[in-house]
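# Examination of the molecular architecture
Okay, here's what each chain looks like letter by letter:
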Amino acid sequence: HLETLAAFHDYCVALAKVLDFPAAERYVSEACSGRRRVLGDDHADVLASLHWMAMIKRGRGQHDQAIDFFEQVASGHSSIYGSNSLMHARSMHWLAIAFLEDGRPEAAQLHLKVAIREYRASVGNTHPRTQTALRELARWSGVAVQDLDRILCMSSSCSA
């Protein structure tokens, strides 16, 4: 039964990658509900399917629903892996992108700052994910990358 649910999830990913969002959503819905029933809400496989549900909603322009699913994934990753984990950082990064696409740049920047802090804690400042997030924050904020410390409140005198 779990193999069937994994196949549904994998098929959903393949369909989403070729932009067949209606079919992908049908398969990921089945994968999500089945995995939740068998594995419980805070299992990595459930969160993987929820992530793809969010990606599908995002692809369909259903930003509020995408944000809801990304928030569920971030909450689950925090429960499983803790904050300052790579998985939670990635969740916050996707959530930031969804907020930006929904026309909410302040929320996007706030979530991206959290992702950057967690990327730095989990994989370091020079990791490609950290560097990508830093470049995105600079672009979204309209500042140069070298000026980000001010925005991120990284100085020792900062009390954030």
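Check the entry above for the structure.
Here is a short report on the structure shown in this document. (Residues numbered from 1 in each chain as written. Predicted model: local features only at pLDDT ≥ 70, side-chain atom pairs only at ≥ 80, totals over all residues. Heavy atoms only, no water.)

Quick look at the overall build of the chain now. When helices and strands are counted, the chain shows eight helices and zero strands. The order of α-helices and β-strands along the chain, N terminus first, is α-α-α-α-α-α-α-α. In the chain, the share of contacts with a sequence separation of at least 24, taken over all contacts with a separation of at least 6, comes to 54%. Charge-centre separation for the chain: the mean point of 17 positive side chains lies 4 Å from the mean point of 18 negative side chains. (Helix = DSSP H or I, 4+ residues; strand = E, 2+ residues; numbered from the N terminus. Contact = heavy atoms within 4.5 Å. Lys, Arg positive; Asp, Glu negative; His and termini not counted. Charge placed at Lys NZ, Arg CZ, Asp CG, Glu CD.)

With that out of the way, let us pick up the layout of surface pockets. By volume, the second largest pocket amounts to about 190 Å³. Those elements that place two or more of their residues in the lining of the second largest pocket are α3 (44–59), α4 (63–81) and α5 (86–101). Considered class by class, the residues forming the lining of the second largest pocket number six nonpolar, three polar and one charged. (1 Å grid on protein atoms, 1.4 Å probe; cavity = no way out; pocket = protein on both sides within 12 Å on 5 of 7 lines; lining within 4 Å. Points joined across faces, edges and corners; volume = space filled by probe spheres on them. Nonpolar A, V, L, I, M, F, W, Y, C, P; charged D, E, K, R; others polar.)

The subject of this paragraph is unusual backbone geometry. Phi angles above zero are rare outside glycine, and Leu-19 is one such case at about 65 degrees. We classify Leu-19 as exposed; its relative accessible area is 60%. In the Ramachandran plot, Asn-84 falls in the positive-phi region, its phi being about 65 degrees despite a non-glycine side chain. Assignment of secondary structure puts Asn-84 in the loop between α4 and α5. (Buried < 20%, exposed > 50% of the residue type's maximum accessible area, 1.4 Å probe, protein only.)

In terms of nonpolar packing, the biggest core is built from 43 residues, with Val-28, Leu-50, Trp-52, Ile-56, Phe-70, Leu-112 and Ile-116 touching the most fellow members. Looking at this core, the elements that each hand over two or more residues are α1 (2–17), α2 (21–39), α3, α4, α5, α6 (105–123), α7 (128–141) and α8 (148–152). Among the elements that line this core, the one with the most residues is α3, at eight residues. Other than its neighbours up to four places away in sequence, Ile-56 contacts Cys-12, Ala-16, Phe-21, Ala-24, Glu-25 and Val-28. (Core = buried A, V, L, I, M, F, W, Y, C linked by side-chain atoms within 4.5 Å.)

The next subject is the packing of aromatic side chains. Tallying each qualifying case throughout the model produces three aromatic pairs. Relative to Tyr-27, the ring of Phe-8 lies with its centre 5.5 Å away and its plane at 65 degrees, an arrangement referred to as edge-to-face. Here Phe-8 is found in helix α1, whereas its partner Tyr-27 is found in helix α2, with 19 residues between them in sequence. On the accessibility criterion, Phe-8 (25% relative accessible area) is partly exposed. A relative accessible area of 29% places Tyr-27 in the partly exposed class. For the ring pair Phe-70 and Trp-94, a centre distance of 6.2 Å and an interplane angle of 10 degrees mean the geometry is stacked. (Phe/Tyr/Trp six-rings, centres within 6.5 Å; stacked < 30°, edge-to-face > 60°.)

The next point concerns the packing of α3 against α5. Interhelical geometry of α3 versus α5 gives an angle of 20 degrees and a closest axis separation of 11 Å. As far as their axial angle goes, α5 and α3 are roughly parallel. Two packed elements cross with a definite hand, and for α3 against α5 that hand is left-handed. Across the interface between the two elements, His-51, Met-55 and Arg-58 from α3 touch Trp-94, Ile-97 and Glu-101 from α5. Looking at the contact of α3 with α5 residue by residue, the classes come out as three nonpolar, one polar and two charged. (Axes fitted to C-alpha atoms, helices over the stretch in contact; angles between N-to-C directions. Parallel < 35°, antiparallel > 145°, perpendicular 65-115°, else oblique. Left-handed = near helix turned anticlockwise from the far one by under 90°.)

Moving on, we get to α4. Along its 19 residues, α4 runs 26 Å from first to last C-alpha, staying within 8% of the 27 Å computed at 1.5 Å per residue. For α4, every residue scored as buried is listed here: His-63, Ala-66, Ile-67, Phe-69, Phe-70, Val-73, Ala-74, Gly-76 and His-77. The secondary structure elements touched by the buried residues of α4 are α3 and α5. (Expected span 1.5 Å × (residues − 1).)

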